[in-house]
Amino acid sequence: MSPPADAPAPPQRTATARRIAGLALPALVVLAAEPLYVLVDTAVVGHLGSLPLAAVAIGGTVMSFAVWFGTLMAYGTTGRAARRFGAGDRAAAVAEGVQASWLALAVGLLLALLGTVAAGPLAGLLAGDPATAEAAAGWLRIAALGAPGLLLAAAGNGWMRGVQDTRRPLRIVLGANVLSAILCPVLVYPAGLGLTGSAIANVTAQTLGGALFLTALIRETRALRPVPSIIVRQVVLGRDLLIRGAAFQACFLSATAVASRFGVAAVGAHQIGLQLWFFAALVLDAVAIAAQSLVGAALGAGLTDEARDVARRVTLAGGVAAVAFAALAAAGASVVPGWFTPDPAVHDQAAIIWPWFVGLLPFAGVVYALDGVFIGAGDVAFLRTLTILSALLGFLPAIWTAYALDLGLGGVWAGLGLFTLARFAGLILRWRSPRWLVTGATR
């Protein structure tokens, strides 16, 4: 079946700065759309009172696991589809999207079932009191129904990025989230649904987004039957990404746990620094997504020199973007913490971590870019192993030593620094070797 009229042209063979920006900027908007909607939802629910706000926080924490699965699915699908696309086989690239969508639907339905059945116990485990737990469970039972749509949207993002189309995902994601941002306050207040209205708005956005990506897929191809062998290969790739993601989660949870041992002001300052770090990661991930698409296409076409050039250019772009972000953070060192809290004790603690935060950002920019390069190359097993070793041999011993020796937040962020620098060194060594340059439509 011929591609739709608005489909992009075949892959270009030169990764110019304009080409990288053309893929990265729409991807950045897509990445930012969901967090921005969550902020709107939080603001709307927050005016209902502290209990509904706490309920959404708890329910949102549970739903973040579905978002995590979706991110892994999107990244895995992008690399595989990009290779097929670079080899000149758009139909096979779209077929990766078909199989990813079947996997997304299966996992999404399972998560929806688990979310509705286990909402009560999960909310009770996380909530501090029965009233909050009951409210959170009610929100979660409805919100969980959006999991299939959320994962279908992730699969759709993955294959469209693989064929270097970031414009259609931009329109779909923005449309669904803008509708939900309008629907949320209407359902919460004039319709009188309160917290239930927030959950319905979430489900509406996720289901609509999934349906639109599914419609785009059906427009591309009529070969919609599941192929177990392809799904299994995608599961293997997803497994490595999942293990890698679990290592990240263990590190950040441990850092927060140790920071909390140093007092309320310390954990508050740590939370500010960590959320700004995540925001920087969100921005820099747009460059990584461009890398996934361009590197996968180059290797699929057998162009190792092109793949190396892409890696060099996107790494430079990621580093420059991170340096700019670091400069802004340095300039705002005395101002930014005040945006989050007026507490001078938290400001004092933030001053301890700020040099670490600013100094590590340029290295993180290179790390995120090279993560995208190697995901696009399908070198995910290496990324998994490097992340685990950096966590087990560097980060975790460092922060628990900081706790044992009472080194405060400086010790915690030294651990984060060690984790980042270990990954930076490993990725640079891998980049300089030829082992990731495996050509062909599949790795």
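Residues numbered from 1 in each chain as written. Predicted model: local features only at pLDDT ≥ 70, side-chain atom pairs only at ≥ 80, totals over all residues. Heavy atoms only, no water.

**Examining the overall build of the protein chain**
Note the threshold: Strands are runs of DSSP state E lasting at least two residues, helices are runs of H or I lasting at least four, and both sets are numbered from the N terminus onward. Throughout, radius of gyration means the C-alpha value; the globule benchmark is 2.2 Å times the number of residues raised to the power 0.38. Between two residues, a contact is recorded if the distance between any of their heavy atoms is within 4.5 Å. Reported accessibility uses the Shrake-Rupley method at a 1.4 Å probe radius. Residues are deemed covered only where the shown protein chains occlude them. For this count, His and the chain ends are skipped, Lys and Arg are scored as positive, and Asp and Glu as negative. A single reference atom marks each charge: NZ on Lys, CZ on Arg, CG on Asp, CD on Glu.
Within the protein chain, the regular secondary structure consists of 15 helices and zero strands. Its C-alpha atoms give the protein chain a radius of gyration of 22 Å, near enough to 22 Å, the size a compact globule of 443 residues would have. With the principal axes as the frame, the protein chain shows a C-alpha extent of 60 × 50 × 35 Å. In the protein chain, of all internal contacts separated by at least 6 residues, the share reaching a separation of at least 24 is 85%. When the accessible surface of the protein chain is split by element, carbon and sulfur atoms take 71% of a total near 18,600 Å². The protein chain carries 28 positive and 19 negative side-chain charges, and their two centres are separated by 11 Å.

**Side note on the confidence of the model for the protein chain**
Definition in use: Values of pLDDT, ranging from 0 to 100, describe the predictor's confidence in every residue of the model.
Mean pLDDT over the protein chain: 88, with 96% of residues reaching 70 or higher. Residue range residues 8-12 is modelled with pLDDT below 50. Its contacts to residues more than four positions away, or to other chains, number 13 contacts.

**Thoughts on the environment of Ala 377**
Counted only if it meets this: In this scheme, a residue with accessible area under 20% of its type's maximum is buried, one over 50% is exposed, and one in between is partly exposed, where area comes from a 1.4 Å probe on protein chains only.
Tracing the backbone shows Ala 377 in the loop between α13 (344-376) and α14 (380-404). Take Ala 377: its relative accessible area is 0%, and that puts it in the buried class. Considering only alpha carbons, one finds Ala 377 and Val 283, 94 residues apart in sequence, at a separation of 21 Å. Contacts of Ala 377, omitting those with residues within four sequence positions, involve Arg 83, Val 295, Leu 299, Trp 436 and Arg 443.

**A word on the packing of aromatic side chains**
To keep it simple, the criterion reads: Any two of the Phe, Tyr and Trp rings considered here, Trp counted by its six-membered ring, make a pair once their centres fall within 6.5 Å; the pair's planes then place it as stacked at under 30 degrees, edge-to-face at over 60, or tilted in between.
Applying the stated criterion across every chain, the model contains 13 aromatic pairs. Geometrically, the ring pair formed by Phe 65 and Trp 68 is tilted, given 6.3 Å between the ring centres and 55° between the ring planes. A residue pair is termed a helical-turn pair when its members lie 3 or 4 positions apart in one helix, as Phe 65 and Trp 68 do in helix α2 (residues 50-86) at three residues. Judged by its relative accessible area of 49%, Phe 65 falls in the partly exposed class.

**A look at the nonpolar core**
What counts, and what does not: To qualify as a nonpolar core, a set must consist of buried Ala, Val, Leu, Ile, Met, Phe, Trp, Tyr and Cys residues joined through side-chain atoms within 4.5 Å.
Ranked by size, the top nonpolar core spans 39 residues in total, and within it Val 295, Val 314, Val 373, Phe 374, Leu 427 and Trp 436 carry the most contacts. For this core, the elements supplying multiple residues, two or more each, are α1 (17-46), α2, α9 (228-260), α10 (264-300), α11 (304-331), α13 and α14. In terms of residues, this core owes the most to one element, α10, which gives ten residues. With near-sequence residues (within four places) excluded, Phe 374 lies in contact with Asp 379, Val 380, Leu 383, Leu 427, Arg 430, Trp 431 and Trp 436. Core analysis: the next-biggest nonpolar cluster, separate from the first, contains 38 residues, Ala 266, Trp 277, Phe 357 and Ala 364 among them.

**Section: a nonpolar patch on the surface**
Our working rule: Patch criteria: residues need more than 30% relative accessible area and no salt bridge. Like-charged residues are merged within 9 Å; nonpolar side chains of Val, Leu, Ile, Met, Phe, Trp and Tyr are merged within 5 Å. Throughout this description, the term salt bridge denotes a Lys or Arg side-chain nitrogen within 4 Å of a carboxyl oxygen of Asp or Glu.
Side chains of Phe 65, Phe 69 and Leu 242 sit close together on the surface and give an oily, nonpolar patch of about 250 Å² of accessible area. In this fold, Leu 242 is placed in helix α9. Residue classification places Leu 242 among the partly exposed positions, given a relative accessible area of 30%.

**Describing α11**
Convention followed: Take the residue count of a helix, subtract one, and multiply by 1.5 Å to get its expected span.
Its 28 residues place the ends of α11 41 Å apart at the C-alpha level, agreeing with the 40 Å of an ideal helix rising 1.5 Å per residue. Contact partners of the buried residues in α11: α1, α10, α13 and α15 (408-432).

**Thoughts on the packing of α14 against α15**
Selection criterion: The angle between two axes is taken between their N-to-C directions and runs from 0 to 180 degrees, where each axis is a line fitted to C-alpha atoms and a helix contributes only its stretch in contact. Orientation categories follow fixed angle ranges, with anything under 35 degrees roughly parallel, anything over 145 roughly antiparallel, 65 to 115 roughly perpendicular, and all other angles oblique. By definition, any crossing whose near helix is turned counterclockwise from its far helix by less than a right angle is left-handed, and any crossing with a clockwise turn is right-handed. Only Asp, Glu, Lys and Arg are considered charged in this grouping, and only Ala, Val, Leu, Ile, Met, Phe, Trp, Tyr, Cys and Pro are considered nonpolar; every other residue, Gly among them, is considered polar.
Packing of α14 against α15 brings their axes to within 8 Å, and their N-to-C directions diverge by 160°. As summarised for this structure, α14 and α15 are arranged roughly antiparallel, according to the angle between their axes. Classified by chirality, the crossing of α15 by α14 is right-handed. On α15, the residues touching Phe 382, Leu 383, Leu 386, Thr 387, Ser 390, Ala 391, Gly 394, Phe 395, Ala 398, Ile 399 and Ala 402 of α14 are Gly 408, Gly 411, Val 412, Gly 415, Leu 416, Leu 418, Phe 419, Ala 422, Arg 423, Gly 426, Leu 427 and Arg 430. Partitioned by chemical class, the residues of the contact of α14 with α15 number 14 nonpolar, seven polar and two charged.

**Quick look at the side chain of Ser 198**
Stated formally: Under the rule applied, a polar contact is a pair of N or O atoms within 3.5 Å (in protein, one hydrogen donor and one hydrogen acceptor; residues adjacent in sequence only if both atoms are side-chain atoms).
Summarising the element assignment, Ser 198 is placed in helix α8 (residues 195-220). A distance of 2.8 Å separates a polar atom in the side chain of Ser 198 from a polar atom in the side chain of Asp 41. Beyond its immediate chain neighbours, meaning those up to four positions away, Ser 198 contacts Tyr 37, Asp 41, Val 45, Val 56, Trp 139, Cys 184 and Val 188.

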